Amino acid sequence: MSASDDEGGGPVTPQDTSPRRARRAGRPGQRRARGRLPFALWLCVLVVLPLSSLLFRLRYRHGERIPAEGPVLLVANHVSVLDPLACARLAWDNGRVPHFLAKQSVFTGPAGTILRAAGQIPVARFSADAHEALDAARADLAAGNVVVIYPEGSVTRDPAWWPMQARTGVARLALTTDAVVVPVAQWGPQRVHDYHAKKLHLRLRTPADYMVGEPVDLSALRAEVRAGRPLSGDLLRQTTDLIMVRVRDQLAELRGEPAPTTFHPRPARELPGDVSGSAA
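Note that the structure is predicted; figures quoted are calculated from it, not measured. (Residues numbered from 1 in each chain as written. Predicted model: local features only at pLDDT ≥ 70, side-chain atom pairs only at ≥ 80, totals over all residues. Heavy atoms only, no water.)

Trainee: For this particular structure, what's the right way to read the pairing of strand S3 (residues 98–103)?
Mentor: Across a regular strand the side chains alternate sides, sitting on one face of the sheet and then on the other. Burial of S3 is extensive: 6 of the 6 residues sit out of reach of the surface. Of the two faces of S3, the one holding Pro98, Phe100 and Ala102 and the one holding His99, Leu101 and Lys103 are both buried throughout. Pairing of S3 with strand S5 (residues 146–149), which is carried by 3 bridges, proceeds in the parallel orientation. In the sheet register, Phe100 faces S5, and the bridge partner there is Val148. Taken together, S3, helix H5 (residues 109–117) and strand S4 (residues 121–123) form a β-α-β motif whose crossover is right-handed. (Buried < 20%, exposed > 50% of the residue type's maximum accessible area, 1.4 Å probe, protein only. Helix = DSSP H or I, 4+ residues; strand = E, 2+ residues; numbered from the N terminus. Pairing = 2+ DSSP bridges. Right-handed = clockwise from strand over helix to strand, strands pointing away.)

Below is the structure:
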């Protein structure tokens, strides 16, 4: 495959994600051992892999920036209720098992049981139990896993699909763990499910482009927190915006457009259809 220009996006270099070609090319992600996986996780893999391949033509930039081992906090923008499928493939195709923070409403019935057993993390939003999700994510990172977080909490309300103002749960995790914080920009899944128009467009193999950024250096801020600096609202907002600016700038590079200088405001209330990622 060669570089191409897609509707609404800039030129990217697609990456063939087939295992055979990946091994032949020596992609590091395909050489990494994921270890023993629970049965529930394999059930998720059996659903996500073919479905994501049917819906999206996945194209990655710098997937090798996802560390081969150890705790990783993948921080992504949110453009569609379907983008977790593609984002999960990004981690999986680069040798890691993703654990998502997601709203508790997703964890119902048999599917909810499977998701929990697969290591996904429910968030009881707007309740006294919301902190339990961050505690679970912190424990997951301490175990050396990959946690995927959407700091916006739900699909962006920005009419042009730029990130909206994020919640600060991502900063709490970033400042109180040793996880490598990796910003990820994604662009394309909104062409399949347009959240703003509430329309599903079954366009098979729609291009979905991913830009994995260099890890965010939070060593100085982490040292201050360890030395006793409180996790004040100002510090959490500063750290959250620092990470999300990186995500926004990477999205601008993917799209080939200048990024706005501010974040779109959060909605006054969330809609019943907001059932995707959560930043707690």
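Trainee: Any chance you could explain the packing of aromatic side chains here in plain terms?
Mentor: Each aromatic ring pair is summarised here by two numbers: the centre-to-centre distance and the angle between the ring planes. Summed over the entire model, instances satisfying the criterion amount to 3 aromatic pairs. Ring centres of Trp42 and Trp92 lie 5.9 Å apart, and the angle between their planes is 80°; this geometry places the pair in the edge-to-face category. You can see Trp42 sitting in helix H3 (residues 39–55) and its partner Trp92 sitting in helix H4 (residues 83–93), a full 50 residues away along the chain. For Trp42, a relative accessible area of 39% gives the class partly exposed. Ring centres of Phe100 and Tyr150 lie 6.4 Å apart, and the angle between their planes is 25°; this geometry places the pair in the stacked category. Here Phe100, found in strand S3, pairs with Tyr150, found in the loop between S5 and helix H7 (169–176); they are 50 residues apart in sequence, far enough to count as distant. (Phe/Tyr/Trp six-rings, centres within 6.5 Å; stacked < 30°, edge-to-face > 60°.)

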